[in-house]
Amino acid sequence: MYDHLKKLQKKHLKKATEVLTESFIDNPMFVYFFPIPKKRRKILRSVFPMVLRILQSNGSLYVTSDHVEGLFCVSQHGEKTNIGKLILAALSCTFRLPGVLIQLPLIDFLRKASLLQSSNSKLLYYKSNYEDFLLVDSVCVDPTHRHQGHMTTMMRAAVAETNQKRTFCLLQTETIQNVRIYTHLGFSLVEEITSDDIPFSTFVMIYDPFDLTTNRELDT
């Protein structure tokens, strides 16, 4: 199901960081944290290499090709973390973190982060009540390669794995445009999470072809 994609390798990291930065530069969550565009771009370029390492320790990162037109991460909740990759991620973070912290308005960042707890409440519900489902994260396509089918290619691979494992798949997004895309690819909107303290919505979406979650009350 992932034969037409490639596992992220070291040679892809620089390009993957740039694709993530350009894809998420206007994401409402990052705009909320870092409202100044020039500073936001600089911070994201410093943060995303660490994010990639952390994602690799918990799941599988795929790129569309060696040109990295797009990438995404698929992980399985309940699966053991790769300790070796986790150590590499920790070392990478230790090396890069001081440079990131210098750029961050730390107190303001922590204050804003504390207000985001409600945004993760639905995802935490699923993690507490279900095992062995898939999580899709950091889906992005280079802006210069959009509308070429890369998003569909990546998400169809995740859908195929979900079907093969007879489970369900979750993702979160902060833009209504992505909701429309994921709906077209078979996902359904579970909840739009809003807060008076947060200037954007978090959309929780599910692909559940076997109705594994429909008979259980979601009362978070």
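Procedures and definitions
- Residues numbered from 1 in each chain as written.
- Predicted model: local features only at pLDDT ≥ 70, side-chain atom pairs only at ≥ 80, totals over all residues.
- Heavy atoms only, no water.
- Salt bridge = Lys/Arg side-chain N within 4 Å of Asp/Glu carboxyl O.
- Helix = DSSP H or I, 4+ residues; strand = E, 2+ residues; numbered from the N terminus.
- Buried < 20%, exposed > 50% of the residue type's maximum accessible area, 1.4 Å probe, protein only.
- Pairing = 2+ DSSP bridges.
- pLDDT = per-residue confidence, 0-100.
- Contact = heavy atoms within 4.5 Å.
- Axes fitted to C-alpha atoms, helices over the stretch in contact; angles between N-to-C directions.

> Which parts of the structure should I look at to understand the pattern of salt bridges?
It is possible for side chains of opposite charge to pair when their charged atoms get near one another. The tally for this structure, following the rule as stated, stands at nine salt bridges. Two residues, Arg41 and Glu22, come together in a salt bridge whose shortest N-O distance is 2.4 Å. Of this pair, Arg41 sits in helix H3 (residues 37-58) while Glu22 is found in helix H1 (residues 13-24), placing the two residues 19 residues apart along the sequence. Judged by relative accessible area, Arg41 falls into the partly exposed class, the value being 27%. Judged by relative accessible area, which is 29%, Glu22 ranks as partly exposed.

> So what exactly am I meant to see when it comes to the pairing of strand E2 (residues 60-63) here?
Within a regular strand, the side chains alternate between the two sheet faces. Where strand E1 (residues 6-7) and E2 come together, two bridges link them in antiparallel fashion. Paired with Lys6 across the bridge in E2 is Val63. In this sheet, strand E3 (residues 70-76) lies alongside E2 in antiparallel orientation, the contact comprising four bridges. For Val63, the partnering residue across the bridge sits in E3 and is Leu71.

> Please explain the environment of Gln164 as it appears in this structure.
For Gln164, the position within the fold is in helix H7 (residues 150-165). On the basis of relative accessibility, which here comes to 58%, the residue Gln164 falls in the exposed class. Placed 163 residues apart in sequence, Gln164 and Met1 show a C-alpha to C-alpha distance of 9.4 Å.

> Mind showing me how you'd approach the confidence of the model for the protein chain here?
Atom-level detail of predicted coordinates should not be read off regions where pLDDT is low. Model confidence for the protein chain is summarised by a mean pLDDT of 89, while 87% of its residues fall at 70 or above. When pLDDT is averaged over each helix and strand of the protein chain, the minimum, 60, is found for helix H4 (residues 83-103) and the maximum, 98, for H1.

> Would you take a moment to explain the sheet that holds strand E5 (residues 169-173) for this structure?
Strand pairing within a sheet occurs via backbone hydrogen bonds; the two strands may be parallel or antiparallel. Here seven strands make up an open sheet; going across it, the order is E1-E2-E3-E4-E5-E7-E6 and the pairing mixed. The sheet terminates laterally at E1 and strand E6 (188-195), the two strands that pair on one side only. Taken together, the five bridges between E5 and strand E7 (residues 198-207) define a ladder with antiparallel strand orientation. Bridge pairing in E7 links Leu170 to Ile206. Contacts from H1 reach E3 and strand E4 (134-141) within the one sheet, and its direction differs from that of E4 by about 85 degrees.

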